[in-house]
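A structural walkthrough
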Amino acid sequence: MTTRHEHWIQGKAVPPANGAYLPTLDPATREAGDEIAAGTSADVDHAVASAAAAQPAWAAASGAERSAVLHRVADAIEADAETLMELERACTGKIPAQLRSELDMSAGYFRYYAGILRTHHGRTIDLGHDNHTYTRLEPYGVVAAITPWNLPLNQACRALAPALAVGNAVVAKPSELTSASTVRLARLATEAGLPDGLLNVVTGTGPEVGSPLASHPVVRRIMFTGSVATGRALGHIAADRLIPMTLELGGKSPLVVFADADLDRAVGAAVTAIAMNSGQVCSATTRLLVEASAHDEVVARVADAVGRLEPGVDFGPIITEAQFHSVLGHFAAAEAEGAVPVTGGSGYADGPGAKGLYVRPTVYAGVRPDLRIAREEVFGPVMVTMPFADEADALAIANDTEYGLVAGVWSGDVARGLRLAERIDAGQVAVNGGALTIETPFGGFKQSGYGREKGIEALHDYAQVKTISLSIR
Ligand code: NAD
């Protein structure tokens, strides 16, 4: 029997106002999965009203009280790991290691923001003995969080934990492809003691739920993670309503490898960029720029390693039939422009990969920077490589993109690595595999968006600063 996932509003499961449900699919098998509530603006109205009613008391609680609840939410996520990972697997086909790392990050966001909310406050401003002047970080009220399908629970927790930590209430709208884990999270949060109405989840499509949510007059801030096109559409709504938003959009990020780098580790980073979530990661470094003298060797090693990756074991499927065909369409476009992959470039005709929406890990070597495959976000296990002559050339190619989400630089000359990192137009740059974690702020330059998730920065982004000044003369 098909399981149905309802909305989560005011601390309980709520069927959709119109009684309609949407199907989901297991992309690893192409079999139908659970159904999710097909929300409409009536459900959005209900959820926003619940959030607005619950928020003032939450905002009035002390940081210590909110922190205690958020720690319990983290505990609940960890205790429910198997169920959450199975819900996620059923509609994404993710491999176990990927599921586990996303689950750990999801709990980690609640743990981290539960901790830092007790240490981050406003400040006092010294205006002399005649005044007592200070600032407060105040919540916006009701925040809308609209999230994508590629790392569903992780992206939801990344937004919800800091938003709740500073005293907002949230209405979350997960991707209609992958909603079940976010609904389950809201149930767990309620059971862990998060007051009813503070975290509501309305499932459904972008036009039917996302758009009315962003347009709702009571919503005071929008957090959006997803594509540039949707981000732009929501940006118009936010501009019209004069409300702030965070936009976490796409990328076509460079991985710059100099000949003097630790090539074993650099090759490993390139393989991970292709394999992790099958390249369906906004921050995937899918443009491999290699110093000319090492280019052919590095490409050969990357192609050899990714050619040995096994579908369903080392990497998962593409999320939907439409996205699968979009990736194949990129292959066709590359072929039409004269590019030939050194490995991959198709789906699977037989074997385990043929059962699901798997695409062969693919490398196009030495491509011209103007080709579509070199410029557009493919969102599949696809890498392009380009040789560069020197540091200036590497920088020019790295920055020759509309995007600016992340970059990686590998060099045995650490000063050169940092020099390049400081000149690349991207929100975060890892030099020689430097870690990017929950503690490190994350967000885009250029068309990759604005605002910051993660780190202390997200806590500040979900709060508005109020200055209060008292004359004590
Ligand atoms: P998408 O833009 O199609 O959908 C994202 C969310 O927006 C979904 O919940 C969807 O239902 C909703 N939506 C769609 N149309 C809408 C509309 N008109 N109004 C309101 N909401 C609407 O993106 P996707 O295909 O789910 O995700 C892939 C994209 O997300 C890629 O471009 C990827 O790079 C990006 N992404 C960025 C980050 C980041 O942190 N920067 C993280 C993950 C994914």
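In this text, all values refer to a predicted model and were calculated from it rather than measured experimentally.

About the cut-offs
- Within every chain, residues take consecutive numbers counted from 1 along the sequence as written.
- Two thresholds apply to this predicted model, a pLDDT of at least 70 for residue-level local features and 80 or more for giving and counting side-chain atom pairs, whereas whole-chain, interface and lining totals are computed over all residues.
- The side-chain quantities take in all heavy atoms of the structure and omit both hydrogens and water.
- Following DSSP output, two strands are said to pair if at least two bridges run between them.
- Numbering of helices and strands starts at the N terminus; helices are DSSP runs of H or I of at least 4 residues and strands are runs of E of at least 2.
- Two residues qualify as a contact provided that any one of their heavy atoms is within 4.5 Å of a heavy atom in the partner residue.
- For helices, the axis comes from a line fit to the C-alpha atoms of the stretch in contact; other axes are also lines fit to C-alpha atoms, and the angle between any two N-to-C directions lies between 0 and 180 degrees.
- Just so you know how the angles are binned, under 35 degrees is roughly parallel, over 145 roughly antiparallel, 65 to 115 roughly perpendicular, and the rest oblique.
- Helix crossings are classified by the rotation of the near helix relative to the far one: an anticlockwise turn of less than a right angle makes the crossing left-handed, while a clockwise turn makes it right-handed.
- Exposure is judged per residue with a 1.4 Å probe applied to protein chains only, and the accessible area is read against the type maximum: over 50% gives exposed, under 20% gives buried, and values in between give partly exposed.
- The salt bridge criterion pairs a side-chain nitrogen of Lys or Arg with a carboxyl oxygen of Asp or Glu, the two atoms within 4 Å.
- Whether a residue is near a molecule or strand depends on its heavy atoms: if one lies within 4 Å, it is near.
- Nitrogen and oxygen atoms within 3.5 Å of one another constitute a polar contact, given that in protein one can donate a hydrogen and the other can accept it, and given that sequence-neighbouring residues count only through two side-chain atoms.
- Using a 1.4 Å probe, the Shrake-Rupley method yields the accessible areas, and only the shown protein chains count as cover for residues.
- For this scheme, ten residues count as nonpolar: Ala, Val, Leu, Ile, Met, Phe, Trp, Tyr, Cys and Pro. Four count as charged, namely Asp, Glu, Lys and Arg, and the remainder, Gly too, count as polar.
- Boundary definitions for the domains trace back to an automatic or database domain assignment.
- Only rings of Phe, Tyr and Trp enter the pairing, Trp through its six-membered ring, and a pair is recorded when the two centres are within 6.5 Å. The plane angle decides the type: under 30 degrees is stacked, over 60 is edge-to-face, the rest tilted.
- Defined in terms of a 1.4 Å probe, buried area is the accessible area two parts forfeit on being brought together, summed over both.

Time to look at the sheet that holds strand β5 (residues 31-37). Pairing is mixed in the open sheet, where three strands are placed in the order β1-β5-β4. In this open sheet, the two edge strands, each paired with only one partner strand, are β1 (4-5) and β4 (21-26). Relative to β5, β1 is paired through two bridges, and the arrangement is parallel. Paired with R4 across the two strands is E35, which belongs to β5. On the sheet, helix α3 (residues 81-92) packs against β1, β4 and β5 and is oriented at approximately 85 degrees with respect to β4.

The next point concerns the packing of helix α7 (residues 206-215) against helix α8 (residues 228-241). It is at 9 Å that the axes of α7 and α8 come closest, and there the two elements cross at 20 degrees. On the basis of their axis angle, the class for α7 and α8 is roughly parallel. In this structure, α7 meets α8 at a crossing whose hand is right-handed. Packed against α7, whose contacting residues are G210, S211, A214 and S215, the element α8 presents L234, I237 and R241 at the interface.

In this section: the side chain of T246. Topologically, T246 is positioned in strand β12 (residues 245-248). A residue is classified by how much of its surface remains accessible, and T246, at 0% relative accessible area, is buried. Discounting chain neighbours no more than four positions away, the residues touching T246 are R221, I222, M223, F224, Y450, G451, R452, E453 and D461.

Our next topic: the sheet that holds strand β6 (residues 124-125). An order of β6-β7-β21 is seen for the three strands of this open sheet, with the pairing classed as antiparallel. Since the sheet does not close on itself, it has two edges, and those belong to β6 and β21 (463-471), each with one partner. Pairing of β6 with strand β7 (residues 131-139) involves two bridges; the strand directions are antiparallel. In the strand pairing of β7, T124 is matched with Y134.

The next thing to look at is the pattern of salt bridges. Working definition: two side chains of opposite charge can pair if their charged atoms are close together. This model, assessed by the stated rule, comprises 23 salt bridges. A salt bridge links E321 to R30, with the shortest nitrogen-to-oxygen separation between them at 3.9 Å. Here E321, found in helix α11 (residues 321-336), pairs with R30, found in the loop between β4 and β5; they are 291 residues apart in sequence, far enough to count as distant. For E321, a relative accessible area of 36% puts it in the partly exposed group. Given the relative accessible area of 33%, R30 is considered partly exposed. With a shortest N-O distance of 3.2 Å, R100 and D104 are connected by a salt bridge. Of the two residues, R100 and D104 both sit in helix α4 (residues 96-116), four residues apart, roughly one turn of that helix. D104 sits in the partly exposed class, given a relative accessible area of 42%. If you follow the salt bridges from partner to partner, you end up with D26, E86 and R89 in one network.

The local shell around the ligand holds 28 residues, among which R158, K173, E176, S227 and E377 are the closest. One of the side-chain N or O atoms of E176 is found 2.7 Å from an oxygen atom in the ligand. Here the ligand has 850 Å² of accessible area as a free molecule, and 87% of this is covered by the chains. When residues of the shell around the ligand are assigned to their parent elements, the largest contribution, three residues, is made by α7. The class makeup of the residues in the shell around the ligand is eleven nonpolar, twelve polar and five charged. Domain assignment of the residues forming the shell around the ligand places at least three in each of domain 1 (4-249) and domain 2 (254-438).

Okay, the packing of aromatic side chains next. Describing an aromatic ring pair means giving the distance of the ring centres and the angle of the ring planes. Evaluated as defined, the whole model comprises five aromatic pairs. Measuring from ring centre to ring centre gives 5.4 Å for W149 and F379, while their planes differ by 80 degrees; the resulting arrangement is edge-to-face. Of the two residues, W149 sits in the loop between β8 (142-146) and α5 (152-165) while F379 sits in the loop between α13 (372-375) and β17 (382-388), which places them 230 residues apart along the sequence. Their ring planes at 45 degrees and their centres at 6.3 Å tell us that F331 and Y364 sit as a pair that is tilted. Pair noted here: F331 is in helix α11 and Y364 is in strand β16 (residues 362-364), with a separation of 33 residues, a long-range link.

Glancing now at the domain arrangement of the protein chain. Here the protein chain is described as being made up of domain 1 (4-249) and domain 2 (254-438). Its C-alpha centre places domain 1 at a distance of 31 Å from the equivalent point of domain 2. Taken residue by residue, the interface counts 24 residues in domain 1 and 26 residues in domain 2. In terms of surface lost to domain 2, no three residues of domain 1 exceed R30, I95 and W149, which account for 31% of the buried area on that side. The tally of links from domain 1 across to domain 2 stands at one salt bridge. Taken together, the links from domain 1 to domain 2 amount to six residue pairs in polar contact (both at pLDDT 80 or more). For the side of domain 1 that touches domain 2, the secondary-structure elements that each account for two or more residues are α3 and α4. When grouped by side-chain class, the residues that make up the side of domain 1 that touches domain 2 number 13 nonpolar, seven polar and four charged.

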